Amino acid sequence: MKKILLILMSVLLLVVLSGCFEGKPSGNDSGEKIVETNNTNIENNVEDNNEQEKIDEALAAIRAALKDEEWVNNNLKLQKNCFGEDVVSDEQELTFAKFGKDKAIVCTYSYGSENFGIAATVVYYKDGKVYTVGNPSVQEPYHPGHSGFSYDFEKEAMISHYMHMGYYGQTVYKYHDGSFEKLADYEWAEFDDQGNFIENESGDPQADYTFTIGDEVKRGRDDFLTVEKMIKEDLKDYDFNIMDTVLTPENVDLILK
């Protein structure tokens, strides 16, 4: 009996060791290891690399242009003052920032009597060349005493501000493919049509306003601070800031990368 048990145990051990109870390999009878690849991830990586190469190419070309003094003089410095007269000196202040992923924006400013004006210019790269588009242009700058700009650099948007004798204006633009699209126009005034200061019965300042957003126009009168809060609420999804980095070759290399 013992011999029979020993024989059975030996047979069982041989079966286990020989792999008779192993399952059949699925999908590959040869026993080779199957390596699965994610084609979607590979394609996305290729697209990301191609996109980054295009960005790097654009920024390199723009850096070269912004460090070329002659190019800057011809394309970014004021050619006329805000009265339409030719400028007579190079006394102009240029500040800049990166705009989106692959562009730059430059603000040109002069408060000198000969060059009186302010302009904003986007520098972009397309089809192997560097181009500029102004809003306003260096040929038709705004009055620097009444106008100014703020920018959402990441979203490639800007506000043109205007203020003169109790009248206020803000126009919101979005840059797209070499031009600016007007998104909204906000106008409000502390004085009525007869030039009278607007206030409520308590003497608090009020303002008449006209807001144009797309095709929608909204008019009314409200407390001055309330009008400003309405505009701020409309623009809450943007992060508008000023631009104060001086355009120099060193700063160009530091910022546009």
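Above this text is the structure in question.
Quick look at the structure, then.

Criteria and cut-off values
- Residues numbered from 1 in each chain as written.
- Predicted model: local features only at pLDDT ≥ 70, side-chain atom pairs only at ≥ 80, totals over all residues.
- Heavy atoms only, no water.
- Core = buried A, V, L, I, M, F, W, Y, C linked by side-chain atoms within 4.5 Å.
- Buried < 20%, exposed > 50% of the residue type's maximum accessible area, 1.4 Å probe, protein only.
- Helix = DSSP H or I, 4+ residues; strand = E, 2+ residues; numbered from the N terminus.
- Polar contact = N/O pair within 3.5 Å; in protein donor to acceptor, adjacent residues only side chain to side chain.
- Contact = heavy atoms within 4.5 Å.
- Pairing = 2+ DSSP bridges.
- Axes fitted to C-alpha atoms, helices over the stretch in contact; angles between N-to-C directions.
- Phe/Tyr/Trp six-rings, centres within 6.5 Å; stacked < 30°, edge-to-face > 60°.
- Lys NZ or Arg CZ within 6 Å of the ring centre and 35° of its normal.

### Some thoughts on the nonpolar core
- Counting 17 residues, the largest nonpolar core has Ile-105, Val-122 and Tyr-151 as its most contacted members.
- Breaking this core down by element, the ones donating at least two residues are β1 (93-99), β2 (103-110), β3 (117-126), β5 (147-152) and β7 (167-176).
- For this core, the element with the most residues is β3, which contributes four residues.
- Within the second largest apolar cluster, 16 residues are counted, among which are Ala-157, Ile-159, Leu-235 and Phe-240.

### Side note on the side chain of Ser-110
- Tracing the sequence through the fold places Ser-110 in strand β2.
- From its side chain, Ser-110 meets the backbone nitrogen of Gly-112 in a polar contact 3.3 Å long.
- For Ser-110, the contacting residues outside a window of four places in its chain are Leu-78, Glu-91, Gln-92, Asn-115, Phe-116, Gly-117 and Pro-144.

### Overview of the sheet that holds β5
- What the six strands build is an open sheet, ordered β5-β6-β7-β8-β9-β10; its pairing is antiparallel. At either end of the open sheet lies a strand with only one pairing partner, and these are β5 and β10 (216-223). Here the strands of the sheet are splayed against their neighbours by 20° on average, with no regard to which way each runs.
- With eight bridges joining them, strand β6 (residues 157-164) and β7 adopt antiparallel strand pairing. Paired with Tyr-162 across the bridge in β7 is Gly-169.
- Running over the sheet, helix α4 (residues 224-234) touches β7, β8 (179-189), β9 (206-213) and β10 and is turned about 20° from β9.

### Here's the deal with the packing of aromatic side chains
- The final tally for this structure, using the stated rule, is 17 aromatic pairs.
- On the numbers, 6.1 Å between centres and 55° between planes, the contact of Tyr-124 with Tyr-175 is tilted. Linking Tyr-124 in strand β3 with Tyr-175 in strand β7, this pair joins segments that are 51 residues apart in sequence.
- Tyr-124 gets classed as buried once you look at its relative accessible area, which sits at 14%.
- One aromatic cluster is present, built from ring pairs that chain together Phe-99, Tyr-124, Tyr-131, Tyr-173, Tyr-175 and Phe-180.
- Cation over ring: Lys-155 sits above Tyr-238, and NZ or CZ is 5.3 Å from the ring centre.

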